[in-house]
Each structure stands twice: as C-alpha cells, then as structure tokens.
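Summary of structural features
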Amino acid sequence: QVQLVESGGGLVQAGGSLRLSCAASGRTFSSYAMGWFRQAPGKEREFVAAIARSPSSTSYADSVKGRFTISRDNAKNTVLLQMNSLRPEDTAVYYCAADNTYDRPYDYRSSYPAAYDYWGQGTQVTVSS
C-alpha cells in the first residue's frame with residue numbers, strides 16, 4: 001500500500017520550465033517502479049516517463065525525449081519530473097503512479113497505465129503561448 005501526492009504544477013509560458021514532485025508514503029518505496037502520465041481535456045491518459053527500481057533505468061515518450069527528466073530519491077521517498085522547454089501541447093493534468101516490482105527484474109518499468117497499482121490525484125500544468 002502506498003499513497004502518492006503530486007506537487008509543483010502551475011502556469012508557465014512556452015519555453016519555460018517546471019519541476020513536478022511526487023511524495024510517497026510507506027517504508028517500501030524502493031520496491032516500486034514509478035511513472036508519470038498526463039491527461040489533457042478530451043484525450044486519453046498518456047505515458048510520459050517511467051523509472052525502475054534501478055534509478056538509471058528510465059523510459060520516455062517520444063514527445064518529451066530530450067526535454068523531460070525523471071529521477072528518484074529513495075531516501076526521501078520522492079520521484080521528480082523536471083520539465084524544460086515546455087510547449088502548449090504539454091498542457092495537461094500530470095499524474096504520478098507506482099508499480100510494485102519487487103519480484104521483477106531490477107530494471108523493469110512499464111509505459112502502460114494498467115501496469116500501475118497506485119495513483120496520485122494529479123497536478124495541473126498549463127503552458128501558454
């Protein structure tokens with residue numbers, strides 16, 4: 001069982017940066033692969049980035065490669081999403097998610113929402129022109 005709380009969303013102009021944080025409860029954070037997803041009005045939830053229990057094992061959607069960076073700090077039970085060079089099409093509610101992967105390879109992570117067991121409430125990111 002884990003509870004997730006996102007923070008750091010807001011309004012930013014195109015070309016700007018934001019850093020999203022996801023704080024997780026519990027004492028087994030290191031057992032979870034973590035992901036970021038986003039959902040814009042009228043669209044389905046889409047994959048943004050994921051990180052395995054191995055912090056060097058990451059995945060990104062093609063639309064954010066080179067602009068976004070996911071990282072984790074197990075000592076603080078926190079996963080971050082650094083977003084640079086933001087575009088209006090990045091506007092969405094961003095969700096943090098956790099997948100308990102203790103019995104899977106150390107570098108395992110998924111880009112599919114159905115793989116994740118726990119979700120935060122989301123934080124709004126709005127990018128203006």
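Residues numbered from 1 in each chain as written. Predicted model: local features only at pLDDT ≥ 70, side-chain atom pairs only at ≥ 80, totals over all residues. Heavy atoms only, no water.

**Looking at unusual backbone geometry**
Positive phi, close to 50°, is recorded for asparagine 77, a residue that is not glycine. Locating asparagine 77 in the fold gives a position in the loop between strand S7 (68–73) and strand S8 (78–83). Look at serine 85: it is not a glycine, yet its phi comes out positive at around 50°. Mapped onto the elements of the fold, serine 85 is located in the loop between S8 and strand S9 (92–100). (Helix = DSSP H or I, 4+ residues; strand = E, 2+ residues; numbered from the N terminus.)

**Digging into the pattern of salt bridges**
Applying the stated criterion across every chain, the model contains five salt bridges. The closest approach of N and O atoms between aspartate 62 and lysine 65, which form a salt bridge, is 3.1 Å. Side by side, aspartate 62 and lysine 65 carry an identical accessibility label, which is exposed. Among the ionic pairs, arginine 67 bridges to aspartate 90, the shortest N-O distance being 2.8 Å. Here arginine 67, found in the loop between strand S6 (58–60) and S7, pairs with aspartate 90, found in the loop between S8 and S9; they are 23 residues apart in sequence, far enough to count as distant. (Salt bridge = Lys/Arg side-chain N within 4 Å of Asp/Glu carboxyl O. Buried < 20%, exposed > 50% of the residue type's maximum accessible area, 1.4 Å probe, protein only.)

**Considerations on the environment of arginine 19**
Locating arginine 19 in the fold gives a position in strand S3 (residues 18–24). Counting along the chain gives 30 residues from arginine 19 to alanine 49, while the straight-line C-alpha distance between them is 14 Å. Excluding its chain neighbours within four sequence positions, the residues that come into contact with arginine 19 are Ser7, Gly8, Leu80, Leu81 and Gln82. (Contact = heavy atoms within 4.5 Å.)

**So, the sheet that holds S7**
Spatial strand order, S1-S3-S8-S7: four strands in an open sheet with antiparallel pairing. The sheet terminates laterally at strand S1 (4–7) and S7, the two strands that pair on one side only. Strand-to-strand twist of the sheet, defined as the mean angle between neighbouring strand axes without regard to direction, takes the value 15°. Bridging between S1 and S3 involves four bridges; their strand directions are antiparallel. Its bridge partner being in S3, glutamate 6 is matched across the sheet by cysteine 22. (Pairing = 2+ DSSP bridges. Axes fitted to C-alpha atoms, helices over the stretch in contact; angles between N-to-C directions.)

**Observations concerning the pairing of S3**
Summarising burial for S3: five of the seven residues are buried, a large majority. Both S3 and S8 contribute to a ladder of six bridges, which runs antiparallel. Within the sheet, the bridge partner assigned to serine 21 lies in S8 and is leucine 80.

**Re the side chain of arginine 67**
With relative accessibility at 8%, the residue arginine 67 sits in the buried group. Of the polar contacts made by the side chain of arginine 67, one reaches the side chain of aspartate 90; its length is 2.8 Å. Among all residues touching arginine 67, those that are not within four sequence positions of it are Gln82, Met83, Asn84, Ser85, Leu86, Arg87 and Asp90. (Polar contact = N/O pair within 3.5 Å; in protein donor to acceptor, adjacent residues only side chain to side chain.)

**What about the nonpolar core?**
By size, the foremost hydrophobic cluster in this structure holds 34 residues, and its most contacted members are Met34, Trp36, Leu81, Met83 and Tyr94. Mapped onto this core, the elements with two or more residues apiece are S3, strand S4 (32–39), strand S5 (46–51), S7, S8, S9 and strand S11 (123–128). (Core = buried A, V, L, I, M, F, W, Y, C linked by side-chain atoms within 4.5 Å.)

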